[in-house]
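Below are the chains, spelled out letter by letter.
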Amino acid sequence: MKCRLLLLSLAVALGGCAPSAPHNTGVYLLVDTSGSYNRQVKKAEQITLYALSRLQSADSIAVARIDTGSFTEKDIIAKATLDDRPSTANQQKRAFASRVEQFIDQSAPAPYTDITGGLLQAIEFLNEKHTARKEILILSDMKEELAKGYVRDIPLDFKGFDVVALNVTKLRADNFDPRQYLGRLDEWRARVEKGGGHWRVINDLDRLDGLL
Amino acid sequence: MSMATLLTFTPWPALSAAILLMLLVAALYLARDTAHQAIHAAAAAVARGLRVASRSVTHAREHLAARNREVLLAAGREAKERIVEREFARVGDTVRKDLAGYPDMHRRLSVAIQRIEEDQQQAVEVPPEVPGWAEAVKVVADLDAHNAGADILADIHKSMVRAHTEAMGDYRKASGERHALLRRMMPDWRLIQETLARVNKSVESVIGRSQAIDRHMEEYEAIVRGEDRAVSVLSSSSIVYFFISALVLAVATAGTAVNFTLIARPMAEMVGGTNYIGAYRTADIAALVVIMVEISMGLFLMESLRITRLFPVIGALTEKIRVRMVVTTFLILLLMASIEAGLAYMREVLLLDEMATNALLRGDSSASIVSAHLWITTAAQMGMGFVLPFALVFVAIPLETFVHSLRTVVGLTGIAFLQLLALLLRLLGNASRHLGVLAQRAYDLPLFVPLWIEMRMRAAAHAAATADRAMRRDSWKEARI
């Protein structure tokens, strides 16, 4: 009986001391810098600042641009994993905001839009961080235009990911035929949901309360 | 077999139903006695079981009440012993203090009294000398020597005036000295008065304490004798102490929550803000541990000071070790309080930093402006961080009262519960017996026709038997006649 009690106590103690599941969040913001969307890039700063204000210690964030070939680390403008200590985390947030501001001031339009490449890079980044919650934010019109030679017809694994399309602007052609816009969104929704992810669209950037 | 099938054994369902009903009633009537016995036996068994259970619960309640009474009396005896012990210690202190000063006081009083006596003797008024020249003057004046006496008288007058002047001077000087001596007596009188007043106060204090000791001793004796009145007083006191201590502990818990809020945030700087133990943040647990350690130190300090008696081991320590423990626990508390004050300051710094960062992220430059009066809140936080650990030390007193009174209150609650349970079981037992009777009546309800017939038949048989007996009696009377 005593032995059983001892074992039970040991099990409870070990259970209590066992490393707990992660509680952190990972955010990856993809900013479309293509010619048709470059004017909207300034809004990336607003979203970044909002995301930074919501993030806590041990959370990870990265901001990357979508250009001709986005499946590369070179397109990551800024990335950070916030420190355990709140004071250091605050310093990191300020530095991060400053880097994003610099990027926005110097952003140049790209000829093509490789959204899939950016998403692949985002999945890779967030999976490496092992965050409990994974959010991919896409600031784009969601019109993918690939340069010749880029193969992007590959399945994406969005299991455990929330993909949020932000400020999806309507193109000139969409005004003539809204089905193109709706079809584009449906196509992306299907792609994300097929990959096991959760898809959302937020067009009003003044109402980001539900985000993060 | 369904109802519809049952009703088809004759072509007419109504007839089938009537036959079935009659058969059922007949069966029930035939089984009536057995069914009544079964119902009665079942009801009686349940009632008996419940009564036994009720008796058992009553017995348990009595046992618990006796145990509670013992605990209550023991606790009351211990409390009274402590009070009497403390009163004796106070009387001892008073007596020791006064007796220690008694030789000195006696010496001072003796010196003062001696000085007063001496001064008084010196201050005795010397009666003025009787004028010795008066008769001589008269004799000289009666002499008839042609103015020869006048010269003598003039000389005598001069001498008398001179002697009078000298005597008056001496008299005034002596009076002045006497007055000075009397004036010098005043401080001695005051000293005597003050000393006696002090003695009076001490004596009154000792008398007051002895009266209190008498009162406590009477109560103690009543407790030792186990009088019901003493038990009743102790129970009601326990309940009052329980609620009061619970209230104070609730206030202390609120204080602990405030303390926790003060140090939880800066604790994240020390142990990290993202580590978890189970479902709780390590920083929160660390803050809670710090507070718990402070409360534990407070408990040990109170135990070492012999204000509380939760740990007999600490109470039984030698005086030297006990004093060392007091110093050690106080130093640890001081250290913890200083750490908390530092953490409270850090909290303010972190808060400002976070506010500034959030303002920057919101693009709000005005929010980062620091108020000139911010030092007030910083100082208040630091003060609270320093004071709260010491305030929490006093939790030991209500905690001890709570623990002691909890036993009695739980006992009383248990007694009330068991009493209620016994009553309920008794009621259920009675109800079961009555339900048995009710079930018998309910069984007889569909049998009203055969029962009515049976009753009629019995009445007829009874009437026939009565008539037969009456006829026999009449024939016997006739035979006697």
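Provided above is the structure to which this section pertains.
Okay, so let's go over this structure.

**Notes on the environment of A:Leu52**
Note on placement: A:Leu52 falls in helix 2 (residues 43–54). The sequence separation of A:Leu52 and A:Ala97 amounts to 45 residues, and the corresponding C-alpha distance is 8.0 Å. Setting aside its immediate chain neighbours within four residues, A:Leu52 contacts A:Ile61, A:Lys93, A:Phe96, A:Ala97 and B:Leu361.

**Remarks on the pattern of salt bridges**
For side chains of opposite charge, pairing can occur when their charged atoms come near one another. Applying the stated criterion to the full structure yields 25 salt bridges over all chains. Residue A:Asp174 is joined to A:Arg184 by a salt bridge in which the shortest nitrogen-to-oxygen separation is 2.8 Å. Residue A:Asp174 is located in helix 5 (residues 172–176), and its partner A:Arg184 is located in helix 6 (residues 178–194); the two are separated by 10 residues in the primary sequence. Taking relative accessible area as the criterion, A:Asp174 reaches 3% and is therefore assigned buried. Put simply, B:Glu87 and B:Arg90 hold a salt bridge, and the shortest N to O gap is 3.7 Å. Of this pair, B:Glu87 and B:Arg90 both sit in helix 3 (residues 32–100), three residues apart, roughly one helical turn. By sharing partners, the salt bridges in this structure join A:Arg65, A:Asp67 and A:Asp75 into a single network.

**Overview of the side chain of B:Glu348**
All names here are of chain B. Within the element layout of this structure, Glu-348 appears in helix 10 (residues 319–362). It turns out Glu-348 is buried and unbridged, and the closest side chain with the opposite charge, Arg-347, is 4.9 Å from it. Reaching out from Glu-348, the side chain makes a polar contact with the side chain of Gln-381 at a distance of 2.3 Å. Not counting residues up to four positions away in its chain, the partners in contact with Glu-348 are Leu-374, Thr-377, Thr-378 and Gln-381.

**A few points about helix 6 of chain A**
Residue and element names in this part refer to chain A. Here helix 6 spans 24 Å end to end across 17 residues, near enough to the 24 Å set by a 1.5 Å rise per residue. What helix 6 keeps buried is the set Tyr-181, Arg-184, Leu-185, Trp-188 and Val-192. One side of helix 6 holds all its buried residues, which, seen down the axis, span an arc of 90°. Among the exposed residues of helix 6, those pointing more than 90 degrees away from its buried face are Arg-179, Glu-187 and Lys-194. Positive backbone phi, at 90°, marks Gly-196, one or two positions downstream of helix 6.

Cut-offs used in this document
- Residues numbered from 1 in each chain as written.
- Chains lettered and ligands numbered in written order.
- Predicted model: local features only at pLDDT ≥ 70, side-chain atom pairs only at ≥ 80, totals over all residues.
- Heavy atoms only, no water.
- Helix = DSSP H or I, 4+ residues; strand = E, 2+ residues; numbered from the N terminus.
- Contact = heavy atoms within 4.5 Å.
- Salt bridge = Lys/Arg side-chain N within 4 Å of Asp/Glu carboxyl O.
- Buried < 20%, exposed > 50% of the residue type's maximum accessible area, 1.4 Å probe, protein only.
- Lys, Arg positive; Asp, Glu negative; His and termini not counted.
- Polar contact = N/O pair within 3.5 Å; in protein donor to acceptor, adjacent residues only side chain to side chain.
- Expected span 1.5 Å × (residues − 1).
- Arc of directions from axis to C-beta.

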